[in-house]
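# Architecture and fold: a report
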Amino acid sequence: SLAACSSKTRNAALHPLWQSPLTIPGGTRQSPINIQWRDSVYDPFLKPLKISYDPTTCLHIWNNGYSFLVEFDDSADKSIIVGGPLENQYRLKQFHFHWGAINDWGSEHTVDSKFYPAELHLVHWNAVDYPSFEDAVMEGNGLAVIGVFLKLGARHEGLQTLVDALPAVRHKDTVIEFDEFDPSCLIPSCPDYWTYAGSLTTPPLTESVTWIIKKKPIEVDEDQVNLNFTLLPQRCSEPVFHQQFSGKTQKLSVFSEIC
Ligand SMILES: O[B-]1(O)OCc2ccccc21
Ligand SMILES: [Zn+2]
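As a starting point, this report considers the structure included with it. All chains use their own residue numbering, which begins from 1 and follows the written sequence. Chain letters and ligand numbers both follow the written order, the letters beginning at A and the numbers at 1. Given that the model is predicted, a residue must reach a pLDDT of at least 70 before its local features are reported, and side-chain atom pairs must reach 80 or more before they are shown or counted; all residues, however, enter totals for whole chains, interfaces and linings. Each side-chain value is derived from all of the structure's non-hydrogen atoms; neither hydrogens nor water enter the calculation.

All right, on to the pattern of salt bridges then. Note that side chains of opposite charge can pair when their charged atoms are close. Just to be clear on terms, a salt bridge is a Lys or Arg side-chain nitrogen sitting within 4 Å of an Asp or Glu carboxyl oxygen. In total, this model carries five salt bridges according to the counting rule given. Here aspartate 74 makes a salt bridge to lysine 93, at a shortest N to O gap of 3.6 Å. One end of the pair, aspartate 74, is in the loop between β5 (68-72) and β6 (80-83); the other, lysine 93, is in strand β7 (residues 90-99), and 19 residues separate them in sequence. Across the salt bridge formed by aspartate 192 and lysine 215, the nearest N and O atoms sit 3.3 Å from each other. A residue pair is termed long-range when its members are at least 10 positions apart, and aspartate 192 in the loop between β11 (175-177) and β12 (193-198) and lysine 215 in the loop between β13 (209-214) and β14 (218-220) qualify at 23 residues. You can call aspartate 192 buried: its relative accessible area is 4%. Where helices and strands are cited, they refer to DSSP runs of H or I of at least four residues and of E of at least two residues respectively, numbered from the N terminus. Residue burial is assigned from relative accessible area. The probe radius is 1.4 Å, only protein chains are included, and a residue is buried under 20% of its type maximum, exposed over 50%, and partly exposed in between.

Here it is, written out as structure tokens:
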């Protein structure tokens with residue numbers, strides 16, 4: 001099926017699991033993209049991203065059949081991010097990972113055409129302008145997603161508490177309670193990030209995401225990243241998802257401090 005996903009046919013391809021178009025026709029800000037260092041423009045007006053999560057807002061882990069989501073109580077401004085490229089604060093709703101069946105290719109975004117074994121998405125929504133996450137998903141400034149690349153290396157203690165809980169959500173639609181987890185332990189301390197206006201990388205692919213992709217990856221060890229050992233085969237992770245839009249439609253800005 002990989003051959004069928006050549007870039008020419010991809011746009012017309014239907015996702016095998018979702019039977020929905022992979023890209024919305026006429027989409028101008030589709031994700032993921034290949035982040036090319038040389039395309040990124042230093043933006044002096046970008047601020048550091050401010051992250052303040054309250055671990056008591058962590059609710060449960062849910063296997064939705066495509067991945068597992070760690071979901072948070074987003075009924076108040078308790079776990080929020082602000083600053084960076086954002087006009088106002090955004091509330092943490094859930095985080096999830098994308099990984100592949102083989103180690104050297106699992107991320108959605110690539111950096112200079114290089115895949116990482118996995119990619120973490122921390123999904124936030126604009127509760128200042130919109131009444132619910134579902135409403136925000138449809139708006140251009142509705143979501144802010146922090147992307148963190150995972151690379152093979154040292155064991156990640158913070159991640160281990162999550163990995164230990166995964167066997168309990170092996171099957172689609174299982175939910176287990178998971179509390180007192182602070183996901184900021186999964187975000188690199190280096191403040192540098194790329195940012196661009198993009199979309200969900202999974203259906204409905206709505207163009208509502210301000211992407212904030214951390215420049216430095218976090219290190220996890222082999223067992224931790226082979227999450228598919230503990231989960232049933234997740235949604236198709238063939239490159240059909242990796243719509244590499246080399247087009248220069250997205251302005252890619254970079255925030256960096258000396259670090
Ligand atoms: O497509 B994604 O995984 O990336 C951004 C996002 C936001 C909300 C749900 C799912 C996603
Ligand atoms: Zn994602």
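In this section: the coordination of the zinc ion (ligand 2). Note on the zinc ion (ligand 2): its protein donors are His96 (NE2), His98 (NE2) and His121 (ND1). The metal-donor distances range over 2.0 Å. Coordinating N, O and S atoms are those within 2.8 Å of the metal (3.2 Å for Na, K and Ca), and as water is not part of the atoms, a site may appear to have fewer donors than expected. Any coordination sphere not matching a tetrahedral pattern (four donors, all angles between 85 and 135 degrees) or a square planar or octahedral pattern (four or six donors, opposite donors over 155 degrees apart, other angles between 65 and 115) is reported as irregular. Seen from the zinc ion (ligand 2), its four donor atoms lie at angles of 98 to 133°, and the figure they make is tetrahedral.

Glancing now at the site of ligand 1. Think of it this way: one heavy atom of a residue within 4 Å of a molecule or strand is enough to make that residue near it. In the vicinity of ligand 1, the contacting residues are Gln94, His96, His98, His121, Val123, Val145, Leu200, Thr201, Thr202 and Trp211. Distance and chemistry together define a polar contact, namely a pair of N or O atoms within 3.5 Å, with one atom able to donate a hydrogen and the other to accept it when in protein, and with adjacent residues in sequence counting only for side-chain atoms on both sides. One of the side-chain nitrogen or oxygen atoms of histidine 96 is found 2.9 Å away from an oxygen atom of ligand 1. Residue histidine 121 places a side-chain N or O atom 3.5 Å away from an oxygen atom belonging to ligand 1. For the area figures, the Shrake-Rupley method with a 1.4 Å probe applies, and any residue is considered shielded solely by the protein chains shown. When ligand 1 sits alone it has 290 Å² of accessible area, and the protein chains cover 91% of it. Elements supplying a minimum of two residues to the shell around ligand 1: β7 and β9 (118-125). Among the elements that line the shell around ligand 1, the one with the most residues is β7, at three residues.

Before going further, it helps to spend a moment on the packing of aromatic side chains. Under the pairing criterion, centres of Phe, Tyr and Trp rings, with the six-membered ring standing for Trp, must be within 6.5 Å; the plane angle then separates stacked pairs below 30 degrees from edge-to-face pairs above 60, leaving the rest tilted. As enumerated under the stated definition, the model contains nine aromatic pairs in all. Aromatic pair phenylalanine 72 and phenylalanine 95: ring centres 6.0 Å apart, planes at 40°, arrangement tilted. Residue phenylalanine 72 is found in strand β5, and its partner phenylalanine 95 is found in strand β7; the two are separated by 23 residues along the sequence. Judged by relative accessible area, phenylalanine 95 falls into the buried class, the value being 0%. On the numbers, 5.1 Å between centres and 10° between planes, the contact of tyrosine 193 with phenylalanine 255 is stacked. Remark: phenylalanine 255 occurs in strand β15 (residues 253-255) and tyrosine 193 occurs in strand β12; sequence separation between them is 62 residues. Grouping residues by exposure puts tyrosine 193 and phenylalanine 255 together as buried.

Purely geometric stuff here, so don't read any function into it on its own.
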